[in-house]
Amino acid sequence: MITRPILAFVFSALLSAVASQSASADENFIIVQSTTSTQNSGLFDDLLPKFQEKSGIEVRVVAVGTGQAIKNATNGDGDVLLVHSRSSEEKFVTDGLGISRSDVMYNDFVIVGPPSDPAEIAGTKNVVAALQKIAETEAIFASRGDDSGTHKAELRLWKAADIDAVSASGKWYRETGSGMGATLNTGTGMGAYVMTDRATWIAFGNKGDYQIAVEGDTRLFNQYGVILVNPEAHPHVKATMGQSFIDWLLSKEGQAAIASFRIDDQQLFFPNGSKGSS
Amino acid sequence: MSSFWDALAGSFGLVIALDPDLMEIIGLSMRVTLTAVFLACLIGLPLGAAAGTFRFPGRTLLSVVLNALMGLPPVVVGLFVYLLLSASGPLGPLRLLYTPTAMIIAQMVIVTPIVAALTRQVVEDFNSEYAEQFASMGVGPLDRLMSLLWDGRYSLLTVALAGFGRAVAEVGAVIIVGGNINHVTRVMTTTIALETSKGNLQLAMALGIVLLTIAFVVNACVMGLRATAVRSAYA
Amino acid sequence: MRDFAFDMATGPSVGRQRDEQQPLLEACNIGFTARGEQLLHNVDIAIRQGSRTLIVGPNGAGKSLLLRLLHGLLQPSDGKVLWQGNALNAKAQRAQAMVFQRPVLLRRSVFANMKFALSVRGLRGQKRSDKILSALASAGLSHLSNRPARVLSGGEQQRLAVVRALACDPELLFLDEPTANLDPASTAAIEELVRDASARGVTIVLVTHDVGQARRLGEDLVFLQDGHVAESGPAQKILTEPQSEPARAWREGRIYLGPNTQSLCDFPGSKL
């Protein structure tokens, strides 16, 4: 009775709301689960338009830590995985969740620190020795602490230095539980040393007076790999489109595009693509 | 201090330049938030009104639950909606994860309890005034509900604004279920989070000021509308 | 505006011949208890079809409570209310209407308030509009039709409440101290509306504590004191020769303090 016109209005509004939502039914895209370092550095903003122009495929990147990216891909929420933690990637493939892993590119990690350099490690090439000095002097060190590729690499290095840094958590060892950028913001804010991938560091806009303290050790090598999520595990995976993206990344053209991405005249990623390199 | 003023100037620069990317982000923010708030009102208004009007078993419990849900952490909602919409989740086949629709759902889950709980309070006050008259007239339950909502419309506008404020400022849930994908699910708040993580603090701050301005304009428009309507209805 | 005080002397009791008929509404020994306190005791009254019955008594006697029980807004703890000999149900309630002491008007225009009440009764279209316009005209509210109801004066609001109730064509109209907050002119206007309705055959049950109003409007009268019916019968008789002490005290404007108390000095424990 009285309510009829109101109900009619509500229903028509509801219908129009639903209609506006179903507009995004364009299926010509893939989802890539990747890391914050590749996104924060701006690499994808440079690469993806080139790929889309050639293939007509839109690439949607979800940038999270490597651990989270692998978990999301395990749930089937992605078609391609592009991360940097070799052992986790290999496990992903052996578990049948991904089809063969390929090297794509590499860069390296660096340890950045304040100019006061409380642990006196500036200019050191030996990363293990540098970490031992940080622990010795109990200089503040900010860790990602988020199960990301960078975090896993950092933990491997502490192990190599034979130091149980995690036991000092909350004292000189500070786990931020955040992405690379957030950890850099926190670390620079409290005068801590931070291990970061070089790409994120170069692109980072809030360096303050921080400088690279440790670089050039072969153990700081940072390899990125790409994996197609296994359509046998998740039937909705867009395998053809995903594979063409991977093929393009590994092609001459894709590798050249990676190499040509520069910030402040510095190359951030070094292509070393080889198919099925795992 | 200077960086703050730089940010302020930067935000004006961004808006004046009508940067197409920024306009797209603002547009998506508004579309997601307004749709979510609209749907939340569609559920929350009748639900809250029912809790404020009718006596039924579990009514007090419902009120307590609604009030408690007002404090729901967005990240928890984000996770919940992610698990629901994930390809391995119960609603996976709908393929909604990493779409604006997923963000709308998450914001709706966050805002609906706020709208319902505040509506309950407003309607309860009106009901205590109207209940006897309605009973005397023999007004049916549905008409009672609609009449209370209609007569409380100016107070309920503020309720909707509270929901809008919460939704438009929300980042934790939408970044999980939306994925902050450029040109697809990137909204104001996730852009601010991204620029902060890139260390572009001034740009992030400038975007924050833009967001604040939009929220201010929306509030001012609604309150202005309300003031005019109230004046013509009561003066 | 007419002065009803003069009409009252000549006003014939229309309902007298219908004494033998079934009462329209009966309270059969009803009692009401809330939170362990008995607020009404054994109230046994009958409302004759077409009559004007006044429920009078001092503040706190239970007048408004009795009205709500008769209208079915509350259920009695003991006894029952009968409508034309049958239990009070939703259908019977729809044949009644009620005007409250403080008019409850929706936050809408005067017209919309009328429209709402009539829509509830299933009226719509031209018929509804015509009815609204004539009802507003009868209360002298036509020029305020588009005004928000909440900004009307107290007298206008109560007039609107009365014509809104009457527009639903009730057989019986309850009024709970409708003029308690009004000035004499507004009171007279309300009383005129009530008398017009009564003349059309609408049964009136009106709560008041105003002796003057009781004189002007009363046919039958029920006097309540502390939840008991102290006295009931033809209004004229009770108003001229009250039999009970509470009714006598009320008529003379005294406070009735108890069965053995004549003044505050006699009140048990008084130090006066």
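Cut-offs and rules
- Residues numbered from 1 in each chain as written.
- Chains lettered and ligands numbered in written order.
- Predicted model: local features only at pLDDT ≥ 70, side-chain atom pairs only at ≥ 80, totals over all residues.
- Helix = DSSP H or I, 4+ residues; strand = E, 2+ residues; numbered from the N terminus.
- Buried ≥ 20, exposed ≤ 12 C-beta atoms within 10 Å, placed from the backbone.
- Contact = placed C-beta atoms within 7 Å.
- Core = buried A, V, L, I, M, F, W, Y, C linked by C-beta atoms within 7 Å.
- Domains from an automatic or database assignment.
- Nonpolar A, V, L, I, M, F, W, Y, C, P; charged D, E, K, R; others polar.
- Pairing = 2+ DSSP bridges.
- Axes fitted to C-alpha atoms, helices over the stretch in contact; angles between N-to-C directions.

Draft legend 1. Seen up close, the overall build of chain A. The secondary structure content of chain A amounts to 11 helices and 12 strands. Across the 278 residues of chain A, 46% fall into the buried class. Sequence separation of at least 24 residues holds for 76% of the intrachain contacts in chain A that already meet a minimum separation of 6.

Draft legend 2. Molecular detail of the overall build of chain C. Looking only at helices and strands, chain C has 10 helices and 10 strands in total. Out of the 272 residues in chain C, the part that is buried amounts to 43%. For chain C, the share of sequence-separated contacts (at least 6 apart) that also reach a separation of at least 24 residues comes to 66%.

Draft legend 3. Representation of the nonpolar core. Membership of the largest hydrophobic core comes to 219 residues, with the highest contact counts inside it found for Val80 and Leu81 of chain A together with Val81, Ala102, Ala106, Val115 and Val177 of chain B. Of all the elements, helix α5 (residues 100-137) of chain B adds the most residues to this core, at 20 residues. Counting the residues that make up this core, at least three belong to each of domain 1 (28-107 + 222-274) and domain 2 (108-220) of chain A.

Draft legend 4. Expanded view of the domain arrangement of chain A. Residues and elements named next belong to chain A. If you check the domain split of chain A, you get domain 1 (28-107 + 222-274) and domain 2 (108-220). Each of domain 1 and domain 2 has a C-alpha centre, and the two are 26 Å apart. Every contact between the two is made by 20 residues of domain 1 and, on the other side, 17 residues of domain 2. No other element matches the three residues that helix α2 (residues 36-40) contributes to the side of domain 1 that touches domain 2.

Draft legend 5. A look at unusual backbone geometry. A positive phi angle, close to 45°, is found at Asp117 of chain A, a residue other than glycine. Overall, the presence of 14 C-beta atoms within 10 Å leaves Asp117 of chain A in the partly exposed class. One non-glycine residue, Gln84 of chain C, lies in positive phi territory at about 50°.

Draft legend 6. Fine view of the interface of chain A and chain B. Each partner contributes residues to the interface: chain A has 30 residues there, and chain B has 25 residues. Elements supplying a minimum of two residues to the side of chain A that touches chain B: α1 (4-21), α2, β2 (58-63) and α8 (180-189) of chain A. It is α1 of chain A that contributes the most residues to the side of chain A that touches chain B, five residues altogether. For the side of chain A that touches chain B, the residue count by class is 14 nonpolar, 14 polar and two charged.

Draft legend 7. View of the pairing of strand β7 (residues 172-176) of chain C. Residues and elements named next belong to chain C. Among the five residues of β7, five are classified as buried, and the element is accordingly described as predominantly covered. The alternating pattern of β7 places Leu172, Phe174 and Asp176 and Leu173 and Leu175 on opposite faces, both of which are buried. With four bridges joining them, strand β6 (residues 96-99) and β7 adopt parallel strand pairing. Counterpart to Gln96 in the pairing with β7 is Leu172.

Draft legend 8. The interface of chain B and chain C, seen in detail. With 15 residues of chain B at the interface, the matching set in chain C holds 16 residues. Of all the elements in the fold, those that place two or more residues in the side of chain B that touches chain C are α5, α6 (141-151) and α10 (201-234) of chain B. No other element matches α5 of chain B, which puts seven residues into the side of chain B that touches chain C.

Draft legend 9. Main features of the sheet that holds strand β1 (residues 25-34) of chain C. Residues and elements named next belong to chain C. If you walk across this open sheet you meet the four strands as β2-β1-β4-β5, and the pairing is antiparallel. Of all the strands in the sheet, just β2 (37-47) and β5 (86-87) have a single pairing partner and so form its edges. Pairing analysis gives five bridges linking β1 to strand β4 (residues 78-83), with the strands arranged antiparallel. Paired with Glu26 across the bridge in β4 is Leu82. Contacts between helix α2 (residues 63-71) and the sheet are confined to β1, β2 and β4, with β1 contributing the most and set at about 120° to the helix.

Draft legend 10. Fine view of the pairing of strand β9 (residues 220-225) of chain C. Residue and element names in this part refer to chain C. For β9, the tally of buried residues reaches six of six residues, placing the bulk of the element in the interior. Here β9 shows two buried faces, one formed by Asp220, Val222 and Leu224 and the other by Leu221, Phe223 and Gln225. One ladder, built from six bridges, connects β9 with strand β10 (residues 228-234); its direction is antiparallel. Across the sheet, the residue bridging to Leu224 is Val229, located in β10. In sequence, β9 turns back onto β10 through a hairpin of two residues, with Asp226 there showing a positive phi of about 50°.

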